[in-house]
Amino acid sequence: MVRTYLLAIILAISANLLIAQTGTVCKPDNLSCEHLTSPLGVDTPTPRLSWMINDSRQGAAQTAYQLIVGTDSMAVVNGQGNIWDSKKKNSDAILVTYAGKELNPFTRYYWKVNVWDKDGQLAQSDVTAFETGMMGMKNWQGAWIGDQRGIDYKPAPYFRKTFDTKKTVKSARAYIAVAGLYELYINGEKIGNHRLDPMYTRFDRRTLYVTYDVTKQLQQGKNAIGVLLGNGWYNHQSIGVWDFDKAPWRNRPTFCMDLHITYTDGSVEVIPTERDWKTSSGAVVFNSIYTAEHYDARLEQKGWNTPSFDDSQWRGVGYRGAPSQNIFSQQMQPIRNVETIPAKTIKQLNDSTYIFDLQRNIAGVTKIKVSGEEGTVVRIKHGERLYDNGHIDMSNIDVYHRPKDDKDPFQTDILTLSGNGEDEFMAKFNYKGFRYVEVTSSKPVKLDINSITGYFMHSDVAPVGEIKTSNELVNKLWWATNNAYLSNLMGFPTDCPQREKNGWTGDGHFAIETALYNFDGITIYEKWLADHRDEQQPNGVLPDIIPTGGWGYGTENGLDWTSTIAIIPWEVYMFYGDSKLLADCYENIKRYVNYVDRTSPNGLTSWGRGDWVPVKSRSSKELTSSIYYYVDATILAKAAKLFGKQDDYVHYTALAEKIKNAVNAKYLNRETGIYASGTQTELSVPLQWGVVPEELKIKVAQNLAKKVEEAGFHLDVGVLGAKAILNALSENGQAEAAYKVAAQDTYPSWGWWIANGATTLLENWDLKAERDISDNHMMFGEIGGWFFKGLGGIKPDPEQPGFKHIILRPNFVEGLTQSETKHRSPYGMIVSQWERKKKNITYNIEIPANSSATLYLPEDIKGEQVIKLEAGKHSLKLSRK
């Protein structure tokens, strides 16, 4: 029986106080355009506009909205939009696609939203803005220029140009497109705090540009622009097994830039890249995104990016062809130095060698401050482990580098000192994965604990999730999982930040729920799925690293890895209620599924890598690959229904059923409830992905729980089983077993890593394994998402995605006395917090405004099992049977 249930903490006092202070209890806020706050350089002609409702009352809801967009900010404040007035729409939607007049390039648009609350009262947002960019190739005026050097020339190219502003500047925007990496300067000041811009793409199919507001950097009279280019993934000079150096696009870095200056008299001047720019080399004598950066401080040209610099010795530039015919705005959260981590300890091994320990494994860079004789060579080596003698051990990560000589050591920056006091160096065009830093010098130098500082670098996505429990191991596991995830988020999700830096597709979708429960990462995944579309072969095949210079179209780049093309767009839809990515990828998913259908007409396939890095048991690759085939076909059928493609819906629903039946006919023993040979993976993967017949789910889950118990609640899985096992248990009546596995602290388990001092997730269950032994890996990262599902029970509803309607299935497991799970959804903060004292449980819930929830309580809880909850705060007193 389902009944409407309301056990609420009355908020009348709070509401009255809010009314007294502000005159309203409802306020639309968190306004965003294309999931960004006040973005510059918007290229899409129909941007998505979204907001939240800030209203703490019980049952708070939006009954209508009105969007107002205009070019005059004061007019928009007063409710007048000369570009779009949606008029009042009786709708609770908080994500709306722009449908006004055609947007012009290089234009600032102001907008606000009016909403009507549950009582029909009007509430108005503050005014915000977005600004359009190029909106097409035809609007670029600059030329692509370079320094006329070849791909093997090591020193980085520096560029400069001076110009005069004779009138008063009202505003200025710099639009810079680069094949490679760059730093932009105006009048000696570095513009912005982004790192490793622009993001890595398939450069010959899509190139990104970045927009900056540089109004404050310009001055009356003479100005100077400086641009320093790095190789990045565009000109990969280091050699590794991934064939980056053989990429079809490979070339010397190049860039195109337009500086738009609007004067107070309304006139506009464009300073473009042309042959009147000048170029030179300088102190960055080598840079590799894969290995390191070399800097010769003796070659610094101080003031090279200022107006007064004498550039008479600099050379002329040359024209270059555009790297691709698709130059798009980089609309995503940038990479930044997000966290500063000082060295915690220093140890001097001899008069020229020091070891620094950050006591935390990160991705990023170090800054060194050091003085010494001119020409002294300082090597700054970064690694995750130490030998017994105290030196850095690189053997677990330096395994795929294939250098021609000793001039390009792995993860080792090389600084040559100027001899002019203290030199300061931080790599501009590289990052590493490390905990320890070993500094050696050709001549003795004096270092102290402050000489080295670490910077945790990653895509600067906002945190949206939090886990706090009474078990400190669980708390540490959640924290370590997030550290590993962020270490591997560099404009696209990677496997590890040291050995490979590859966008392994499997690692990406194994961790997608962990990603979206914990971070606001939609812009990263929209970019990465565009990379997928760029890389897909005409027949539908994808490589298993994306982007790629050509490696990865092998024989095992199959369904258990490259199902990213379907799984990630679907999960983004689930978490955000935004179907654009799913729509953008629809034909790609269809092409992919059709390829497998052609090559596997009986519904079964072995195309894939299988249960990678298992503890010991091997599982059927045909079983697991066929299940991912079923997942993709099912997602495609759901997407077809969503987009009104009825013929596709019928066809792919039937295909999914055919695959499911083929899997169960071959691998399921209906009498015993065992799949294949009954490994943990073979039992959990069918449960996780809905292949098990409804009437057998309990039986299969009981077999899985028994298998786990026989192993002492330890894991015996690889990556596919690690993705599935906790969900398979907790979603099928075995939450206690799932928790015991998740909170296990002996080998093999996630907690075993934490018990041995890990601050990130590892690549292998076995700490003494001889291969696959990165200490900062994300492929076993599902556990970070399971805490939200398996403990707090917070799940999106596929029928009302984006947490418009929330499914709550908490598990009050015996191993915990307290659990608090928070997730900030598009509607606001969801809280699922419980405290257990023997058989009595206090359960506190918070449902954001304009949302609702259905609570499904475990069967061992007395009373109603299904409870409807409206927006607001709720407190339930529960007891076990």
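All values derive from a computational prediction rather than experimental measurement.

Caption draft 1: Expanded view of the overall build of the protein chain. A count of helical and extended segments in the protein chain gives 17 helices and 43 strands. The C-alpha extent of the protein chain, read off along each of the three principal axes, is 85 × 70 × 55 Å. Counting the 881 residues in the protein chain, one finds 63% classified as buried. Taking all contacts inside the protein chain whose residues are at least 6 apart in sequence as the whole, residues at least 24 apart take part in 74%. Between the centroid of the 98 positive side chains of the protein chain and the centroid of its 102 negative side chains there is a distance of 2 Å.

Caption draft 2: Here's a closer look at the nonpolar core. Membership of the largest hydrophobic core comes to 201 residues, with the highest contact counts inside it found for Trp750 and Leu808. Here this core gets 12 residues from one element, more than from any other, and that element is helix 10 (residues 621–642). Not counting the four nearest positions on each side in its chain, Trp750 is found in contact with Leu477, Leu715, Ala722, Ile725, Leu726, Val741, Trp765, Phe780 and Ile783.

Caption draft 3: The arrangement of the sheet that holds strand 11 (residues 158–165) in detail. Pairing is antiparallel in the open sheet, where 6 strands are placed in the order 14-13-16-11-19-22. Whereas interior strands pair on both sides, the edge strands pair on one side only; in this sheet they are strand 14 (189–190) and strand 22 (315–316).

Caption draft 4: Representation of unusual backbone geometry in the model. Pro198 follows Asp197 through a cis peptide bond whose omega is -10°. Cis geometry marks the peptide bond from Tyr747 to Pro748; its omega dihedral reads -5°. The residue Pro748 is located in the loop between helix 15 (735–742) and helix 16 (750–755) in this model. Phi is positive for Asn30, which is not a glycine, with a value near 55°. Tracing the chain through its elements places Asn30 in strand 2 (residues 27–33).

Caption draft 5: How the structure looks around the packing of aromatic side chains. Inspection of every chain in the model, using the stated rule, returns 45 aromatic pairs. Residues Tyr185 and Trp304 carry aromatic rings whose centres are separated by 5.4 Å and whose planes lie at 75° to one another, so their mutual orientation is edge-to-face. Separated by 119 residues along the polypeptide, Tyr185 in strand 13 (residues 181–186) and Trp304 in the loop between strand 21 (293–296) and strand 22 bring together distant segments of the chain. Exposure class is identical for Tyr185 and Trp304. Each is buried. Relative to Trp834, the ring of Phe812 has its centre 5.4 Å away and its plane inclined at 90°; by these criteria the two rings are edge-to-face. Pair noted here: Phe812 is in the loop between strand 39 (805–808) and strand 40 (818–825) and Trp834 is in strand 41 (residues 828–837), with a separation of 22 residues, a long-range link. On the basis of relative accessibility, which here comes to 2%, the residue Phe812 falls in the buried class.

Caption draft 6: How the structure looks around the side chain of Ser280. Topologically, Ser280 is positioned in strand 19 (residues 278–280). Of the polar contacts made by the side chain of Ser280, one reaches the side chain of Gln301; its length is 3.1 Å. Aside from chain neighbours lying at most four places away, what touches Ser280 is Ala156, Pro157, Tyr158, Gln301 and Trp314.

Caption draft 7: Fine view of the sheet that holds strand 6 (residues 95–97). Overall, antiparallel pairing links the 3 strands, which are arranged 2-3-6 in an open sheet. At either margin of the open sheet sits one strand with a lone partner, and together these are strand 2 and strand 6. Neighbouring strand axes in the sheet, compared pairwise and without regard to direction, differ in orientation by 25° on average. Note that strand 3 (residues 48–54) and strand 6 share 3 bridges and pair antiparallel. The partner of Leu49 across the bridge, within strand 6, is Val96.

Caption draft 8: Fine view of the pairing of strand 39. The alternating pattern of strand 39 places His805 and Ile807 on one face and Ile806 and Leu808 on the opposite face, and all of these are buried. Where strand 38 (residues 794–796) meets strand 39, 3 bridges bridge the pair, whose relative direction is antiparallel. Within strand 39, the position partnered with Lys795 by the bridge is Ile807. Sheet analysis places strand 39 next to strand 42 (residues 840–856), joined by 4 bridges and oriented parallel. Bridging across to strand 42, Ile807 finds its partner in Thr854.

Caption draft 9: Summary view of the pairing of strand 13. The buried fraction of strand 13 amounts to 6 of the 6 residues, a majority that puts the element mostly inside the structure. In strand 13, alternate side chains face the same way, and those of Leu181, Glu183 and Tyr185 on one face and Tyr182, Leu184 and Ile186 on the other are all buried. Direction of pairing for strand 13 relative to strand 16 (residues 221–230): antiparallel, over a ladder of 6 bridges. Bridge assignment links Leu181 to a residue of strand 16, and that residue is Gly230. The antiparallel hairpin formed by strand 13 and strand 14 contains 2 residues in its connecting segment, where Asn187 sits at a positive phi of about 50°.

Rules used throughout
Residues numbered from 1 in each chain as written. Predicted model: local features only at pLDDT ≥ 70, side-chain atom pairs only at ≥ 80, totals over all residues. Heavy atoms only, no water. Helix = DSSP H or I, 4+ residues; strand = E, 2+ residues; numbered from the N terminus. Buried < 20%, exposed > 50% of the residue type's maximum accessible area, 1.4 Å probe, protein only. Contact = heavy atoms within 4.5 Å. Lys, Arg positive; Asp, Glu negative; His and termini not counted. Charge placed at Lys NZ, Arg CZ, Asp CG, Glu CD. Core = buried A, V, L, I, M, F, W, Y, C linked by side-chain atoms within 4.5 Å. Pairing = 2+ DSSP bridges. Phe/Tyr/Trp six-rings, centres within 6.5 Å; stacked < 30°, edge-to-face > 60°. Polar contact = N/O pair within 3.5 Å; in protein donor to acceptor, adjacent residues only side chain to side chain. Axes fitted to C-alpha atoms, helices over the stretch in contact; angles between N-to-C directions.

These values are about where atoms sit, not about what they do.
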